[in-house]
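Structure at a glance
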Amino acid sequence: MKKKPAITLDSVTLSFAELDLDPRLAEALTNLGYEEPTDIQRQAIPLLLEGRDVVGQAATGTGKTAAFALPILQRLALAEQRSTAPQALILVPTRELAIQVAEATHRYGRALGVRVLPVYGGAPMEPQLRALKRGVDVVVATPGRALDHLNRRSLSLASISTVVLDEADEMMDMGFADDLTALLSATPDERQTVLFSATFAPRIAAIAAQYMTDPVRVTVARAPEAAAGEAPRVRQEAYIVPRAHKLAALSRVLDVEQPTSTMVFCRTRTEVDQLTETLNARGHRCASLHGGHNQVQRDRVMNSFRAKTTELLIATDVAARGLDVKHVSHVINFDVPQSGDSYIHRIGRTGRAGREGVAITFAEPREHRQLRQIEQQTRQRIVVKQVPTVADLNARRMATLQDQLREVIETGELDSVRVVVETLAAEYDIMDVAAAAVRHLIASSGGDDDAAEIPAQSEASRGGRGSEGRPSGRGSDGRASGRGTDGRASDGRSRSPRVSGGGAGGGGGGGRDATSRLFIGGGRKLKIRPGDIVGAIVTHTSVSATQLGAIKILDRHSLVEVPASAVHEIQNALAQKPIKGKKLTVRLDKPAR
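So, here's what we can say about the structure. (Residues numbered from 1 in each chain as written. Predicted model: local features only at pLDDT ≥ 70, side-chain atom pairs only at ≥ 80, totals over all residues. Heavy atoms only, no water.)

1. Considerations on the packing of aromatic side chains
The cut-off we apply is this: Classification of ring pairs rests on two measures: the distance between centres of Phe, Tyr or Trp rings, Trp counted by its six-membered ring, which must be within 6.5 Å, and the angle between planes, read as stacked under 30 degrees, edge-to-face over 60 and tilted in between. To qualify as a helix, a DSSP run of H or I must reach at least 4 residues; to qualify as a strand, a run of E must reach at least 2; elements of each kind are numbered from the N terminus. Three exposure classes are used, based on accessible area relative to the maximum for each residue type with a 1.4 Å probe and protein chains only: buried under 20%, partly exposed in between, and exposed over 50%. Sitting over a ring, as applied to charges here, requires NZ of Lys or CZ of Arg to be within 6 Å of the ring centre and within 35 degrees of the ring normal.
Enumeration over the complete set of coordinates arrives at 3 aromatic pairs. Residues F68 and F196 carry aromatic rings whose centres are separated by 5.7 Å and whose planes lie at 50° to one another, so their mutual orientation is tilted. Separated by 128 residues along the polypeptide, F68 in helix α3 (residues 64-78) and F196 in strand β6 (residues 192-197) bring together distant segments of the chain. Just as F68 is buried, F196 falls in that class too. Measuring from centroid to centroid gives 6.4 Å for F334 and F362, while their planes differ by 65°, and the two rings are edge-to-face. Placement of F334 in the loop between β12 (330-333) and α13 (340-347) and of F362 in strand β13 (residues 357-363) is noted, with a sequence separation of 28 residues between them. Here F334 falls in the buried class, since its relative accessible area comes to 4%. Of the aromatic side chains, those joined through ring pairs into one cluster are Y239, F334 and F362. In this structure, R587 is placed above the aromatic ring of F519, and the distance from its NZ or CZ to the ring centre is 4.0 Å.

Here is the structure:
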């Protein structure tokens, strides 16, 4: 590939009206609310309309789909007649992205009668075969399923005039290199080839050199810098938190931020499932998304998330690309991403379509250097902050409560309770009556103004050492000893701590802390789940989730293994604070066996 300079914004300043698009396309864009091209559209569309091969580097959410779809549709609009064989092939890495690109292309070209077909694995083959037989103009496909159809001879690429590789770097990461080679080799040599990628790694340059003819590279690698005095579109923050306190920190941040729609990214499927279960038990509306789900499950989860019936989507990086959900207000990295590229793709889920967004990363003390490396790679500032304190949480709750009370007052439907206020006002000051009502409301809703503080970590922490001088979340041998959010080991196996045989004062064995078992007077009849007990203990005491042992939920009571040294603290806390709105008996049970 001949090396050409990237096209700059100053060199191309066209508006949609000046792109000479078919009037029906221009009208469709207007109806969809498009006012002017994005940077990548302004640069790429004129080149593609000229028939040039283009390598586009642009971050997620910058309008890449329209940048390559509109020139394809323009070519179809100018065609005198269409055959049943597809004229354009768009290759994407994931099923979700195939569906989204197909839907967008269909919306743009509806008035042209363009036939667009998404082709992806995990879906029945028969409907795709019937659609291909009837004839389509544009195929949007994942490489594996496209190759299946090519081998079946149900997909002909002989008439392809344009091939688009969208998210090319992701397709390479997913091992589609051989599939791409086979598919590109089956298309005509004189085709137009378009490659879009959020990053421009050497392997992407190699693809361009091998399969493209004199390509022009256009680059919009990062979102425009905020003007002086203007807030950045995506607020990027990080919290340095020991592993044992990450779940508590996440809950605290969610309570303070109160996001409208959030994506939480984890490294493994096991961690996704565990975190989903735990947060659901704490009252959040969560759903999980990872490679272990079939297509029906994935569609159900995404439909729920788009409809805002799910507020937290907890996912692995399989969801980091290609999910066009414009209302995502927050992206949370529960683990530090492995690379700057991964970080870019994750946070690209928020701040879309001109909206503001928030990207939050939880890092263990020993991972502080990784944050700095990501900053260097992305050339974007990540502000390291302290986890919100109990005072911050209470201030946020009070502000929320004020808003809720204003709404109630503005409804005006207060006649049924005025008699209570008037009776008490005859005995007490009206301000005391109102304050007592607010205090009662906070208590009945499970407010916790004495919640445990999360240990603060200095930004300059070295080696991830906690207050004991030992690496956080690690044993004395330096190996990870942390549990998952549901009390399981990181390898998925259950690890119950050795139980004390001497009640609260029993000694431990084998070098482990002694444990005792508490009786809690509520169980399945009250719809209590393990997460409710874990949440109550972690929230109201200094005990972390990783210090708890086995939890057994019976019909009328529950049993939980706790550190023997914390028995009295837990008893005192749970005697004062409700579990699921109910104050339950908490006492020492017979020694666990």
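2. Topic: the pairing of β12
The condition that has to hold: At least two DSSP bridges between two strands are needed for those strands to be called paired.
The alternating pattern of β12 places H330 and I332 and V331 and N333 on opposite faces, both of which are buried. Bridging between β12 and β13 involves 4 bridges; their strand directions are parallel. Bridge pairing in β13 links N333 to T361.

3. Observations regarding a nonpolar patch on the surface
Definition in use: Put simply, a patch holds well-exposed residues, over 30% relative accessible area, that have no salt bridge, with like charges counted together within 9 Å and Val, Leu, Ile, Met, Phe, Trp or Tyr side chains within 5 Å. Each accessible area value is a Shrake-Rupley result obtained with a 1.4 Å probe; residue values ignore everything except the protein chains displayed when judging cover. The salt bridge definition used is simple: a Lys or Arg side-chain nitrogen within 4 Å of an Asp or Glu carboxyl oxygen.
A contiguous nonpolar surface patch, about 650 Å² in accessible area, is contributed by V419, V420, V421, L424, Y428, I430 and M431. Sorting the residues of the nonpolar patch by element identifies α16 (415-425) and α17 (430-444) as the ones contributing at least two each. The biggest single contributor to the nonpolar patch is α16, with 4 residues. In this fold, L424 is placed in helix α16.

4. Overview of the pairing of strand β15 (residues 515-520)
Across the 6 residues that make up β15, a large majority, 6, are buried. Both faces of β15 are covered, namely the face carrying T515, R517 and F519 and the face carrying S516, L518 and I520. Two elements, β15 and strand β17 (residues 558-563), share 6 bridges in a ladder whose sense is antiparallel. Paired with L518 across the two strands is V560, which belongs to β17. Strand direction decides the pairing type here: β15 and strand β18 (residues 586-588), joined by 3 bridges, are antiparallel. Bridge pairing links I520 to V586 in β18.

5. Re the sheet that holds β13
Quick note on the threshold: Note on method: axes are straight lines fitted to C-alpha atoms, helices fitted across the in-contact stretch only, with angles between N-to-C directions ranging 0 to 180 degrees.
Strand order in the open sheet formed by 7 strands is β10-β11-β9-β12-β13-β8-β14, with parallel pairing between adjacent strands. Where the open sheet ends on each side, the last strands, each with one partner, are β10 (286-289) and β14 (383-385). The mean inter-strand angle of the sheet, taken between neighbouring strand axes irrespective of direction, is 25°. Direction of pairing for β10 relative to strand β11 (residues 312-315): parallel, over a ladder of 4 bridges. By the bridge assignment, L289 is partnered in β11 with A315.

6. Thoughts on empty space enclosed by the protein
Regions of empty space are outlined by a rolling probe, equal in size to a water molecule, passed over the atoms. As a reminder, the rule being used: Space inside and on the surface of the protein is sampled on a 1 Å grid over the protein atoms alone, with a cavity defined as a set of points where a 1.4 Å probe fits but cannot get out and a pocket as an open set with protein on both sides within 12 Å along at least 5 of 7 lines; lining residues have an atom within 4 Å of a point. Grid points are joined across faces, edges and corners, and a volume is the space filled by probe spheres set on the points. Gly is put with the polar residues, along with every residue not named as nonpolar or charged; the nonpolar set is Ala, Val, Leu, Ile, Met, Phe, Trp, Tyr, Cys and Pro, and the charged set is Asp, Glu, Lys and Arg.
Per the stated rule, a full pass over the model turns up 1 cavity of 30 Å³ or more. Roughly 40 Å³ of volume is contained in the largest cavity. I72, R75, L76, Q87, A88, S161 and T162 together form the lining of the largest cavity. It is α3 that provides the largest number of residues to the lining of the largest cavity, a total of 3 residues. Here the lining of the largest cavity is built from residues that sort into 3 nonpolar, 3 polar and 1 charged.

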